[in-house]
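A look at the structure
Listed below, chain by chain, are the residues.
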Amino acid sequence: SSDQTALQFPLSDVSSNLFAKVSFYSPGSGSVIGVRGFIERGGVWVAGQFLIFGIYGLVWLRLPHETWLLSIRIAGAAAVVGGLAISLLSTRVLGRNLTPYPDPTPSNELVRDGPYRFVRHPIYASLVTVALGGAAVRGSVALLVVTAALLAWFFFKAGFEERRLKARHPEY
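Notes on the structure follow. Predicted model only: the values in this text are computed from it and were never measured.

Here we look at the packing of helix 5 (residues 70–94) against helix 6 (residues 122–138)
Axes are the key here: two packed helices are described by the angle between their axes and the distance separating the axes. Packing of helix 5 against helix 6 brings their axes to within 7 Å, and their N-to-C directions diverge by 160 degrees. When the interaxial angle is binned, helix 5 and helix 6 end up roughly antiparallel. Here the hand of the crossing between helix 5 and helix 6 comes out left-handed. The residue makeup of the contact of helix 5 with helix 6, split by class, is 13 nonpolar, nine polar and one charged.

Okay, here's the thing in structure tokens:
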């Protein structure tokens, strides 16, 4: 499909040999995949989200913050708790279908229970909610900017994932 060809990067013989020795564990399938498999499964999307999580952590720890109104900080704390709860519930409902990759696992089954009855990507939504709540608790405009970047990243990752899910599950 066009999605798969768009993800294949031409590698020279030298880099191909170098990358052949690098491998990644593929949750969900329980196998180890090489760099090409990592890229084909959408590993660049996973790496990007973890980069944004890392930036969020650095901003949290290193940049100055303000003390916002208590009501905003309480709402932020509630968003963090609620977002974490929905994320945990969503991962539990996904069960063996859970993978950080936007490409479904080979044995993937379409899940329409729990939070997936209402939202197609509740884990992404809950992680953005946690980040937004954290920014409010911390009182940081910089964290709001990083949260906006995370929201945009998940928006495009979800679009990539939607195409893969529709290919695997025509009824999706």
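Read on, since the account is not over.
Describing helix 5
Each full turn of the α-helix corresponds to 3.6 residues, which orients residues three or four apart in the same direction. Taking 1.5 Å as the rise per residue, helix 5 with 25 residues should run 36 Å; its terminal C-alpha atoms sit 36 Å apart, in good agreement. Phi for Gly 95, located one or two positions after helix 5, is positive at around 60 degrees.

Digging into a nonpolar patch on the surface
On the surface, Leu 132, Val 141, Leu 144 and Val 145 cluster together to form a nonpolar patch covering roughly 340 Å² of accessible area. For the nonpolar patch, the element with the most residues is helix 7 (residues 141–168), which contributes three residues. Relative to the helices and strands, Val 145 is located in helix 7. Among the residues examined, Val 145 registers a relative accessible area of 55% and is labelled exposed.

Some words on the packing of helix 4 (residues 43–62) against helix 7
Following both chains from N to C, one finds helix 4 and helix 7 inclined at 170 degrees, their axes separated by 10 Å at the closest point. Between helix 4 and helix 7, the angle falls in the class roughly antiparallel. Between helix 4, through Val 44, Trp 45, Val 46, Gly 48, Gln 49, Ile 52, Phe 53, Ile 55, Tyr 56, Val 59 and Trp 60, and helix 7, the contact on the second element is made entirely by Ala 142, Leu 143, Val 146, Thr 147, Ala 149, Leu 150, Trp 153, Phe 154, Phe 156, Lys 157 and Phe 160. Among the residues making up the contact of helix 4 with helix 7, the classes are represented as 18 nonpolar, three polar and one charged.

Criteria and thresholds
- Residues numbered from 1 in each chain as written.
- Predicted model: local features only at pLDDT ≥ 70, side-chain atom pairs only at ≥ 80, totals over all residues.
- Heavy atoms only, no water.
- Axes fitted to C-alpha atoms, helices over the stretch in contact; angles between N-to-C directions.
- Helix = DSSP H or I, 4+ residues; strand = E, 2+ residues; numbered from the N terminus.
- Parallel < 35°, antiparallel > 145°, perpendicular 65-115°, else oblique.
- Left-handed = near helix turned anticlockwise from the far one by under 90°.
- Nonpolar A, V, L, I, M, F, W, Y, C, P; charged D, E, K, R; others polar.
- Expected span 1.5 Å × (residues − 1).
- Patch = residues over 30% accessible without salt bridge, like charges linked within 9 Å, V, L, I, M, F, W, Y side chains within 5 Å.
- Areas by Shrake-Rupley, 256 points an atom, 1.4 Å probe, with all protein chains shown as cover.
- Salt bridge = Lys/Arg side-chain N within 4 Å of Asp/Glu carboxyl O.
- Buried < 20%, exposed > 50% of the residue type's maximum accessible area, 1.4 Å probe, protein only.
- Contact = heavy atoms within 4.5 Å.

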